[in-house]
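For reference, the chains in residue letters:
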Amino acid sequence: CPPLGLETLKITDFQLHASTTKRYGLGAHRGRLNIQAGVNENDFYDGAWCAGRNDPYQWIEVDARRLTKFTGVITQGRNSLWSSNWVTSYRVLVSNDSHAWTAVRNESGDVIFEGNSEKEIPVLNMLPVPLVARYIRINPRSWFEEGSICMRLEVLGCPLPDPNNYYHRRNEMTTTDNLDFKHHNYKEMRQLMKTVNKMCPNITRIYNIGKSHQGLKLYAVEISDNPGVHEVGEPEFRYIAGAHGNEVLGRELILLLMQFMCQEYLAGNPRIVHLIEDTRIHLLPSVNPDGYDKAYKVGSELGGWSLGRWTQDGIDINNNFPDLNSLLWESEDQKKSKRKVPNHHIPIPDWYLSENATVAVETRAIIAWMEKIPFVLGGNLQGGELVVAYPYDMVRSLWKTQDYTPTPDDHVFRWLAYSYASTHRLMTDARRRACHTEDFQKEDGTVNGASWHTVAGSINDFSYLHTNCFELSIYVGCDKYPHESELPEEWENNRESLIVFMEQVHRGIKGIVKDVHGKGIPNAIISVEGVNHDVRTGPDGDYWRLLNPGEYVVGVKAEGYTTSTKSCEVGYDMGATRCDFTISKTNLARIKEIMKKFGKQPLSTLPIRRLRQRARPWRQQ
């Protein structure tokens, strides 16, 4: 049977009860598998249920609210940096009325189940035979001798059908989409991609961006009306998932999304057809397949909070990118510094490119991919929370670990984050319970990364400062690795958000920068008055600039060309405003071009003293 839902919050706080509690922050409502304590323990958000007394009469109870076939229990100790508490053995009791209790027994009497030997690794115990009841109780019998009675748990059980119970029929989530709702290992993921490609060969392409530490290819699927080709004027979008290998919900959502888009395109869904025809979409479901493999082998409930998070060589991909923030801010703070750092397309430092740098092969593959394709917007799907985080992810102050640190495009990022959160079924629901310790409702399900917790070298900050792409982190669920049975509901929670966020790539301005002969000018700088962050044109001279509705003064400059500015208005309707530029070469550039053509040295390259010496005889004449 699947989990009842303590970790996913399907089981509400009102369904959890305990004999005693040490204090509110260690109440029964905190006794959920994998729940994380806050940075400041001893507050409302601690890391387990802890009994008020250490004796064999304590218990924690789950009310399933309907008859359920209970089959097993998974336990952990208390999540804490400072203390060690876990239960080493326990009894299990069931009841239909919460008054008369029956213990799980075998031939020799009450079964004493073996508990935990440390606080983080989950331990599963299956009942000798399934038991049908409404309530289940865990009664600790022994605990770590230097600690106290503390536990986190999940209960495995199959709710029995009850056609007369309107409450449960009303709240059961179903989906009408005919998709493959299961967890896919590496081989199955590859096969699913092939199936989608076979169904929709005209709009899909499978390719890989590199290999993992263990040699597994990092496969991506492109969805476009012209796969394999960058079409001038068409923006490029990306979703990636699985940078933390144990956060697998994002991986499955991307696999579901590619199936859905293929099916809807074939069915003629005008919204999906329009999106595919006007956008080049890239879906990379598993950035860290090595880590995923570790988590997959133990299953959805038994990996704990971190098994498979890192790469094979122990690197956190999500924060393994060059720290360009510090380079930019140091340059801004030291205005007299000779080394000026641009506000965009900041080069990668030499030390990071050396072979001895601690950089995962997966990270290097992603960077090469980001530099090769002119992405405009991206989302990296993560797990363990329910919020959309936008850059900057690193605080500017050296003395703070949390501080709101906006980019020059803060208003745009806030809108992009809200576009996902507001269309998710739960993110902005004021009635929902916080996953762990943070309540993101005051920001409508969004958060500035640095105000949550600072990290240097995040993919979001790097993408913004090194490329044209605006990237956000989308935390798609409280449970990093939900049970297979939860996937249809998680798909319904995220489906509309996934599509709406992709559509935002068409918000703002776009255009082509050409010379007087109609040829596109690559690497031209597009600036917006009042926004200290520029973007650059691609190889064909096309560009995209994400902006909120409003009127903007937009300028363009390119080496050897005259500058140009114009006013561009962004409306509220979906679709980027066309804002093209035609610029001519400067007089100096023309002279250089002519002199070079005839094999003569341009005047500007001659030493000034020699020019003056030549000029004297001419003046005397």
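If you're wondering where the values come from, they're calculated on a predicted model, not measured in any experiment.

Section: the overall build of the chain
Then comes step 1: Tallying secondary structure elements over the chain gives 14 helices and 26 strands in all.
Then comes step 2: In terms of its C-alpha atoms, the chain occupies a principal-axis envelope of roughly 120 × 55 × 45 Å.
Then comes step 3: With 621 residues in all, the chain has 55% of them scored as buried.
Then comes step 4: Considering only contacts within the chain whose residues lie at least 6 apart along the sequence, 75% involve residues at least 24 apart.
Then comes step 5: Put simply, the chain shows about 28,500 Å² of open surface, and 50% of that area lies on carbon and sulfur atoms.

Side note on the state of the cysteines
Then comes step 1: Per the counting criterion, the structure on display carries five disulfides.
Then comes step 2: Between C50 and C150 runs a disulfide, and the two sulfur atoms are separated by 1.9 Å. Here the S-S torsion is close to 115 degrees, and the disulfide linking C50 with C150 is therefore right-handed. Linking C50 in strand β2 (residues 49–50) with C150 in strand β10 (residues 150–159), this pair joins segments that are 100 residues apart in sequence.
Then comes step 3: Residue C150 is classed as buried on the basis of its relative accessible area of 0%.
Then comes step 4: Along the chain, the cysteines that take part in disulfide bonds pair up as 1-4, 2-3, 5-6, 7-8, 9-10, counted in sequence order.

Some details on the packing of helix α9 (residues 410–421) against helix α12 (residues 487–503)
Then comes step 1: Where α9 contacts α12, the axes come no closer than 8 Å and their chain directions differ by 150 degrees. In this view, α9 runs roughly antiparallel relative to α12, as classed from their interaxial angle. Every residue of α12 that contacts α9 at L416, S419 and Y420 is listed here: N494, S497, L498, V500 and F501.
Then comes step 2: Looking at side-chain class alone, the contact of α9 with α12 contains five nonpolar, three polar and no charged residues.

Section: the sheet that holds strand β20 (residues 525–528)
Then comes step 1: Taken in spatial order, the four strands of this open sheet run β21-β20-β23-β24, and their pairing is antiparallel. If you trace the sheet from one side to the other, it starts and ends with β21 (531–536) and β24 (564–570), each paired once. Adjacent strand axes in the sheet meet at a mean angle of 30 degrees when their direction is disregarded.
Then comes step 2: The sheet contact formed by β20 and β21 spans three bridges and is antiparallel. Within β21, the residue paired with I526 across the bridge is V535.

Quick notes on the pairing of strand β23 (residues 550–557)
Then comes step 1: Both β20 and β23 contribute to a ladder of four bridges, which runs antiparallel. Across the sheet, residue S527 finds its bridge partner in β23, namely G555.
Then comes step 2: Where β23 and β24 come together, seven bridges link them in antiparallel fashion. Of the residues in β24, the one forming a bridge with E551 is E569.
Then comes step 3: In this antiparallel pair of consecutive strands, β23 and β24, the connection spans six residues, and G560 shows a positive phi of 90 degrees.

What about the nonpolar core?
Note that soluble globular proteins tend to have their nonpolar side chains buried in a common cluster.
Then comes step 1: Residues Y239 and M261 are the most contacted members of the largest nonpolar core, which totals 92 residues.
Then comes step 2: Core analysis: the second largest hydrophobic core is formed by 27 residues, W49, I60, A133 and L153 among them.

Quick word on the side chain of N85
Then comes step 1: As for its position among the elements, N85 is in the loop between β3 (60–76) and β4 (87–95).
Then comes step 2: Beyond its immediate chain neighbours, meaning those up to four positions away, N85 contacts G77, R78, K119, G147, S148 and C150.

Here's the deal with the pattern of salt bridges
Then comes step 1: Inspection of the entire model under this criterion finds 32 salt bridges.
Then comes step 2: With its nearest N and O atoms 3.6 Å apart, the salt bridge here joins E247 to K480. Remark: K480 occurs in the loop between β18 (470–477) and α12 and E247 occurs in the loop between β13 (236–241) and α3 (249–267); sequence separation between them is 233 residues. Comparing E247 with K480, the two get one shared label, buried.
Then comes step 3: The shortest N-O distance in the salt bridge between R271 and E496 comes to 3.0 Å. Of the two residues, R271 is situated in helix α4 (residues 270–278) and E496 in helix α12; the sequence distance between them amounts to 225 residues.
Then comes step 4: Taking the relative accessible area as the measure of exposure, R271 reaches 31% and is therefore partly exposed.
Then comes step 5: Of the residues examined, E496 reaches a relative accessible area of 32% and is grouped as partly exposed.
Then comes step 6: If you follow the salt bridges from partner to partner, you end up with R205, E222, E236 and R280 in one network.

Rules behind the numbers
Residues numbered from 1 in each chain as written. Predicted model: local features only at pLDDT ≥ 70, side-chain atom pairs only at ≥ 80, totals over all residues. Heavy atoms only, no water. Helix = DSSP H or I, 4+ residues; strand = E, 2+ residues; numbered from the N terminus. Buried < 20%, exposed > 50% of the residue type's maximum accessible area, 1.4 Å probe, protein only. Contact = heavy atoms within 4.5 Å. Areas by Shrake-Rupley, 256 points an atom, 1.4 Å probe, with all protein chains shown as cover. Disulfide = S-S within 2.5 Å. Axes fitted to C-alpha atoms, helices over the stretch in contact; angles between N-to-C directions. Parallel < 35°, antiparallel > 145°, perpendicular 65-115°, else oblique. Nonpolar A, V, L, I, M, F, W, Y, C, P; charged D, E, K, R; others polar. Pairing = 2+ DSSP bridges. Core = buried A, V, L, I, M, F, W, Y, C linked by side-chain atoms within 4.5 Å. Salt bridge = Lys/Arg side-chain N within 4 Å of Asp/Glu carboxyl O.

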